[in-house]
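Each chain is listed here by its residues.
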Amino acid sequence: MRLRMGTTLLPGGAGKYVLGVDPACPMCQVPLTAPHMLLHCPNHKATRDHLEVALHSHGLVLNLSNVLDTKGAARGPVFSALAKYLLDCLITEKI
Ligand SMILES: [Zn+2]
């Protein structure tokens, strides 16, 4: 995994990043939307695997509605994985 992408600060800062306001992804050069960050960005693939495992263990696929509006018993575990994912994204981007 590459830790340094040559970008030390996120455009707009961490708050906007979490809230899904759209600066550009420093790796992919596309708008940094919630779907990009949560589902598509190769920069976070390793961490995303944990999120995907949490979903799969409850019979869910990785998509935006399952991640952001998890139903039933999966809600707790998926939320924990999502929180870890977001934290990891922030750390990875800012190192
Ligand atoms: Zn990206």
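Everything here concerns the structure above.
Residues numbered from 1 in each chain as written. Predicted model: local features only at pLDDT ≥ 70, side-chain atom pairs only at ≥ 80, totals over all residues.

Asker: Would you take a moment to explain the overall build of the chain for this structure?
Answerer: Each helix and strand counted, the chain has five helices and zero strands in total. Along the chain, helices (α) and strands (β) appear in the sequence α-α-α-α-α when read from the amino end. Nonlocal contacts in the chain, meaning residues at least 24 apart in sequence, comprise 42% of its contacts between residues at least 6 apart. (Helix = DSSP H or I, 4+ residues; strand = E, 2+ residues; numbered from the N terminus. Contact = placed C-beta atoms within 7 Å.)

Asker: Can you walk me through the nonpolar core in this structure?
Answerer: Membership of the largest hydrophobic core comes to 13 residues, with the highest contact counts inside it found for Met37, Leu51, Ala54, Val78 and Ala81. Only helix H2 (34–40), helix H3 (45–56) and helix H5 (75–94) provide two or more residues apiece to this core. Broken down by element, the residue count for this core peaks at four residues, all from H5. When residues no more than four places from it in sequence are discounted, the contact partners of leucine 51 are Leu62, Val67, Ala81, Leu82 and Tyr85. (Core = buried A, V, L, I, M, F, W, Y, C linked by C-beta atoms within 7 Å. Buried ≥ 20, exposed ≤ 12 C-beta atoms within 10 Å, placed from the backbone.)

Asker: Would you take a moment to explain H3 for this structure?
Answerer: Each full turn of the α-helix corresponds to 3.6 residues, which orients residues three or four apart in the same direction. For H3, spanning 12 residues, the distance from its first C-alpha to its last is 16 Å, which sits close to the expected 16 Å at 1.5 Å a residue. The set of residues buried in H3 consists of Arg48, Leu51, Ala54 and Leu55. Down the axis of H3, the smallest arc covering the buried residues is 110°, so these residues share one side. Turned more than 90 degrees off the buried face of H3, the exposed positions are Lys45, Ala46, Val53 and His56. (Expected span 1.5 Å × (residues − 1). Arc of directions from axis to C-beta.)

Asker: Teacher, can you tell me more about the environment of histidine 50 here?
Answerer: Structurally, the position occupied by histidine 50 is in helix H3. Leave out the neighbours within four places in its chain, and histidine 50 touches Ala81, Lys84 and Tyr85.

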